[in-house]
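Examining the three-dimensional arrangement
Here are the chains, one letter per residue:
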Amino acid sequence: MVNYYKILGVENYASIAEVKLAYKAKIKIVHPDINPDPSASEITQYLNQAKEHLVHPETKEAYDRKLKLAYLIEIQRLHNLKNRKSVFPQITIRQRAVEMEEERKLRIKRKYESGLEKFPFGLRILGLTTFLIWGLQIMYSNYFIDYASYDRQRLILGFAIFSIALVLAANEAYTRFIAKSVDTPFRFNYERLISWVLVMSFFGGPLAISGINTWRKHYLLTHQFDYVYAKINYRESYQNGTVVYYEVNKQLFTRLLDKEIRDLIYLEDGTTILKYAKANPLICEALSPEEWNRKPLEM
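One structure accompanies this document, and this report is about it. (Residues numbered from 1 in each chain as written. Predicted model: local features only at pLDDT ≥ 70, side-chain atom pairs only at ≥ 80, totals over all residues. Heavy atoms only, no water.)

A short note on a positive patch on the surface
Among the surface-exposed residues, Lys20, Lys24, Lys28 and Lys51 lie close enough to one another that they form a single positively charged patch. Top element by residues in the positive patch is helix H2 (residues 16-30). It accounts for three residues. One can find lysine 24 in helix H2. By relative accessible area, lysine 24 is classed as exposed at 52%. (Patch = residues over 30% accessible without salt bridge, like charges linked within 9 Å, V, L, I, M, F, W, Y side chains within 5 Å. Areas by Shrake-Rupley, 256 points an atom, 1.4 Å probe, with all protein chains shown as cover. Salt bridge = Lys/Arg side-chain N within 4 Å of Asp/Glu carboxyl O. Lys, Arg positive; Asp, Glu negative; His and termini not counted. Charge placed at Lys NZ, Arg CZ, Asp CG, Glu CD. Helix = DSSP H or I, 4+ residues; strand = E, 2+ residues; numbered from the N terminus. Buried < 20%, exposed > 50% of the residue type's maximum accessible area, 1.4 Å probe, protein only.)

Encoded structure:
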C-alpha cells in the first residue's frame, strides 16, 4: 500500500492543514513546468493522488483506516516470520535429541544382548534372587533391631549384600525395558516404576525384617523361653545400656541391654537374671522387678 504521508514528507495521520502546506511546498519544487527532471511528471502525479486522498475529511478517514490495517498486517507478518525462524532450530535440536536417545537405546540393547550370550536371563534372575534372599537372611538371623554387639558387622554385611543386589536388579530391569522399548515402545513410564520399586524395596526390606524379628522376639520370649544368670560387665557398661555375659549350653554370650544397671534385678556378686529364647539365646531381655516378684525363678 502506498503511504501518501511519506510522499508528502509528513508524519503519518498528519492533519489536513499540514497536508496542504506540504503539498504546496512539494508541488512548487517538482512541477514539470518548473523542474526539467524527467521524473518530475511522475512525482507530481503521486503528489496529486496524495492530495486527493488526504485533503478531504471523508477520504482521509477512509485512507487512515486502510493504512492502520496495513500496518497491523505487516506487524503480524513480521511477528510470524520471526517465530518461524526461531522454530526451525528448536525442531532441529529436538529431533537431534530424539535421535541421540534412540542411538543410546540401540547401544544399550546391543550390549545387553551380547551380555545375555554369556549370562542368560534365567541365570541372572537366579543370581539376583539368591543374593537378595541371602542379604535378608543375614539380617534376619542376626536380629535387625536388638542384636549383640559383635553381630553388627554381620548385620551391615547383610544389608550391603541386599542393597547391592537390589541395585543390580533395578539396573537389570531398566536395561531390559530399554532393550524392549527399541522395538515396542511402552505406554507407561518404566523409569519411574523401577525407581518406585527400588525405593520401596530398599526401605521395605529392612523394615519387614525388623517387623518379623520384633514379632519373633515377642513370640519366643512369651512361649519358648528360659531363665539364666548373667554377669554384669561394669567396665563396658555405660549410661544408656548395660553389658552382660551369660552361658547357655556351655556357650558364652555377650549382650547389650537397654536398661541401666540400677534398673536391673541385682543379685550377689554383680549378677542379674535374664529371660532368653531357647531357639536363639541371643534373644533375651532383663526381668523387671514385678515379673521377678510375680514368678520366682526355678533353676
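Having seen the structure, we can now continue with the description.
Some words on the side chain of asparagine 3
Structurally, the position occupied by asparagine 3 is in the segment before helix H1 (4-8). The exposure class assigned to asparagine 3 is buried, which follows from its relative accessible area of 11%. At a separation of 3.0 Å, a polar atom in the side chain of asparagine 3 contacts the main-chain amide nitrogen of tyrosine 5. Not counting residues up to four positions away in its chain, the partners in contact with asparagine 3 are Asn12, Tyr63, Leu67 and Tyr71. (Polar contact = N/O pair within 3.5 Å; in protein donor to acceptor, adjacent residues only side chain to side chain. Contact = heavy atoms within 4.5 Å.)

Here we look at the sheet that holds strand E2 (residues 241-248)
For sheets, the rule is that strands pair by backbone hydrogen bonds, running either parallel or antiparallel. Spatially, the five strands line up as an open sheet ordered E3-E2-E1-E4-E5, and their pairing is antiparallel. Two strands close off the open sheet at either side, each with one partner strand: strand E3 (251-257) and strand E5 (284-286). Recorded for the sheet is a direction-independent mean angle of 40 degrees between the axes of neighbouring strands. (Pairing = 2+ DSSP bridges. Axes fitted to C-alpha atoms, helices over the stretch in contact; angles between N-to-C directions.)

Some points on the pairing of E2
Most of E2 sits out of view: six of its eight residues are buried. Pairing geometry for strand E1 (residues 225-238) and E2, over five bridges, is antiparallel. Paired with tyrosine 238 across the two strands is glycine 241, which belongs to E2. Pairing analysis gives seven bridges linking E2 to E3, with the strands arranged antiparallel. In the sheet register, threonine 242 faces E3, and the bridge partner there is leucine 257. Turn length for the E2-E3 hairpin, with the two strands adjacent in sequence and antiparallel, is two residues, and the turn residue asparagine 249 shows positive phi of about 55 degrees.

Description of the packing of helix H5 (residues 121-141) against helix H7 (residues 190-223)
Orientation of H5 relative to H7, taken along the N-to-C sense of each, is 35 degrees, at an axis distance of 9 Å. The interaxial crossing formed by H5 with H7 has right-handed handedness. Listed contacts from H7 to Leu136, Met139 and Tyr140 of H5 are Gly205, Ile209, Ile212, Asn213 and Arg216. When the residues that make up the contact of H5 with H7 are grouped by side-chain class, the tally is five nonpolar, two polar and one charged. (Left-handed = near helix turned anticlockwise from the far one by under 90°. Nonpolar A, V, L, I, M, F, W, Y, C, P; charged D, E, K, R; others polar.)

Focus on the packing of aromatic side chains
One pass over the full model with this rule turns up eleven aromatic pairs. Ring centres 6.0 Å apart and planes at 45 degrees place the aromatic pair tyrosine 5 and tyrosine 63 in the tilted group. Taken together, the residues tyrosine 5 in helix H1 and tyrosine 63 in helix H4 (residues 57-118) connect sequence positions 58 residues apart. Since its relative accessible area comes to 0%, tyrosine 5 is described here as buried. (Phe/Tyr/Trp six-rings, centres within 6.5 Å; stacked < 30°, edge-to-face > 60°.)

Some words on H5
With 21 residues, H5 extends 30 Å from end C-alpha to end C-alpha; this agrees with the ideal 30 Å at 1.5 Å per step. All of the buried residues along H5 are Leu128, Gly135, Ile138 and Met139. Down the axis of H5, the buried set is contained in an arc of 100 degrees. They therefore lie on one face. Residues Leu126 and Ile133 are exposed on H5 and point more than 90 degrees away from its buried face. (Expected span 1.5 Å × (residues − 1). Arc of directions from axis to C-beta.)

Honestly, that's just the spatial picture; any functional story needs more than this.
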